Amino acid sequence: PSSLEAYDNHILALARTQYHDDVAKIDKQVSGAEVVIFAEFTARDQRHADHLAHVYCELMSRSGFEAFYIKDKDQAAVHWKIRRASFALLQKNSSEQGRFLPFIEDVAINPAYFGEFIAALELILAEYDMKVAFAGHVGEGNVRFMPHINLESHATPQLIFGLEKRVNDLAY
C-alpha cells in the first residue's frame, strides 16, 4: 500500500455524532470494529491498483482479519475525513470525567512489530483502567495514543509521567 492509516472505535463513535450522514455511508463496513485500518494503493493504472487491493484483502482475510475492497470514492473519502479529524474529534470530547489528552504522541513503531506493541500496550493500560484512543499512519509506524484522563485528580501528573515512561520504554 502507498498509505496505511488507522483510527479506533472511540474516534469512530465521535465521528458518528459529528458526521452522522457521512458515517452512515460506511456503517455496514465498520459496525462493531475496534480498529479500522485502511490502505490506499497507487499503481501504473487502475487495473493494477485493483489487483493489488484484491491481493491485499485476500492476505488480510487469510490472516484472520475482516477485509474488503472499497471502490466507491465517497466511502474512501469518509475514512480519510475521520482519520484526518481524529485529533480534533478527541480534543472536543471532554466531560466531568476527563478528556482525551495527547501526551503519548507520535510513538514510532516498526510496522512489523505493531501487533506485539499493541498487545503489550493493552496490558500496561489495563493496569490504569482507562480508555485510550489512537489513530495514525500505521504503514509508517507512527501512531498517536490519547488516554482519557481526569485532569481534576491530584494523581494525574504522576500518572501521566509514569504511563508515558512505560510506553516510551516499550517503544524503544
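All values derive from a computational prediction rather than experimental measurement.

Undergrad: Explain the nonpolar core to me, please; I cannot follow it from the model alone.
TA: Looking at soluble globular proteins, one finds that nonpolar side chains tend to be buried together. Core analysis: the largest hydrophobic core is formed by 23 residues, its most contacted members being Phe117, Phe145 and Leu163. For this core, the elements supplying multiple residues, two or more each, are strand 1 (3–8), strand 5 (104–108), helix 6 (114–128), strand 6 (132–137), strand 7 (142–149) and helix 7 (156–171). The element best represented in this core is helix 6, accounting for six residues. Residues in contact with Phe145, not counting those within four places in the same chain, are Leu101, Pro102, Ile104, Glu105, Val107, Ile109, Phe117, Ile118, Leu121, Val132, Ala133 and Phe134.

Undergrad: Got a minute to help me understand the packing of helix 1 (residues 9–18) against helix 5 (residues 73–92) in this structure?
TA: In helix packing, the relevant descriptors are the interaxial angle and the interaxial distance, both defined with respect to the helix axes. Taken N-terminus to C-terminus, the directions of helix 1 and helix 5 make an angle of 90 degrees; their axes are 10 Å apart at the nearest point. By the criterion of interaxial angle, the relationship of helix 1 to helix 5 is roughly perpendicular. Counted together, Ile11, Leu12, Leu14, Ala15 and Gln18 of helix 1 and Ile82, Ser86, Leu89 and Leu90 of helix 5 form the full contact between these two elements. Its residues assigned to classes, the contact of helix 1 with helix 5 shows seven nonpolar, two polar and no charged.

Undergrad: Could you clarify how one ought to interpret the side chain of His148 in this entry?
TA: Tracing the backbone shows His148 in strand 7. Every residue in contact with His148, bar those within four places of it in the chain, is listed here: Gln97, Gly98, Arg99, Phe100, Met130 and Lys131.

Undergrad: Please explain the pattern of salt bridges as it appears in this structure.
TA: Two side chains that carry opposite charge are able to pair once their charged atoms sit near each other. Per the stated rule, a full pass over the model turns up eight salt bridges. The salt bridge partner of Arg16 is Asp27, with a shortest N-O separation of 2.5 Å. Placement of the pair is Arg16 in helix 1 and Asp27 in helix 3 (residues 27–30), with a sequence separation of 11 residues. For Lys71, the salt bridge goes to Asp50, with nearest N and O atoms at 3.2 Å. Note that Lys71 is positioned in the loop between helix 4 (46–62) and helix 5 and Asp50 in helix 4, a separation of 21 residues in sequence. Taking relative accessible area as the criterion, Asp50 reaches 13% and is therefore assigned buried. Connected through shared salt-bridge partners, Asp22, Lys25 and Lys81 make up one network.

Undergrad: Would you mind going over the confidence of the model for the protein chain with me for this structure?
TA: Detailed reading of the predicted model is not advised wherever pLDDT is low. Within the protein chain, residue pLDDT values average 88, and 100% of them lie at 70 or more. Looking at the elements of the protein chain, mean pLDDT is at its lowest for strand 3 (residues 94–95), recorded as 74, and at its highest for helix 2 (residues 20–24), recorded as 95.

Undergrad: Where do I start with the side chain of Gln29 in this structure?
TA: Locating Gln29 in the fold gives a position in helix 3. Judged by its relative accessible area of 18%, Gln29 is buried. Only 3.0 Å separates the side chain of Gln29 from the side chain of Gln75, close enough to count as a polar contact. Once residues lying within four places of it in the same chain are set aside, the contact partners of Gln29 are Phe68, Ile70, Gln75 and His79.

Undergrad: Mind showing me how you'd approach the pairing of strand 7 here?
TA: A regular strand places its side chains so that they alternate between the two faces of the sheet. Where burial is concerned, most of strand 7 is hidden: six out of the eight residues are buried. Bridging between strand 4 (residues 98–100) and strand 7 involves two bridges; their strand directions are antiparallel. Paired with Phe100 across the two strands is His148, which belongs to strand 7. As judged from the six bridges shared by strand 6 and strand 7, these two strands associate in the antiparallel manner.

Undergrad: I'm lost on the packing of aromatic side chains in this one. Help?
TA: Where two aromatic rings form a pair, the distance of their centres and the angle of their planes describe that pair. Tallied over the entire structure, the rule returns six aromatic pairs. Aromatic rings pair up to connect Phe114, Phe117, Phe134 and Phe145 into one cluster.

Undergrad: Sorry, what's going on with the environment of Phe114 here?
TA: Tracing the backbone through its elements, the reader meets Phe114 in helix 6. In the structure, Phe114 is positioned 56 residues away from Leu170 in sequence and 12 Å away in space, judged by C-alpha atoms.

About the thresholds
Residues numbered from 1 in each chain as written. Predicted model: local features only at pLDDT ≥ 70, side-chain atom pairs only at ≥ 80, totals over all residues. Heavy atoms only, no water. Core = buried A, V, L, I, M, F, W, Y, C linked by side-chain atoms within 4.5 Å. Buried < 20%, exposed > 50% of the residue type's maximum accessible area, 1.4 Å probe, protein only. Helix = DSSP H or I, 4+ residues; strand = E, 2+ residues; numbered from the N terminus. Contact = heavy atoms within 4.5 Å. Axes fitted to C-alpha atoms, helices over the stretch in contact; angles between N-to-C directions. Parallel < 35°, antiparallel > 145°, perpendicular 65-115°, else oblique. Nonpolar A, V, L, I, M, F, W, Y, C, P; charged D, E, K, R; others polar. Salt bridge = Lys/Arg side-chain N within 4 Å of Asp/Glu carboxyl O. pLDDT = per-residue confidence, 0-100. Polar contact = N/O pair within 3.5 Å; in protein donor to acceptor, adjacent residues only side chain to side chain. Pairing = 2+ DSSP bridges. Phe/Tyr/Trp six-rings, centres within 6.5 Å; stacked < 30°, edge-to-face > 60°.

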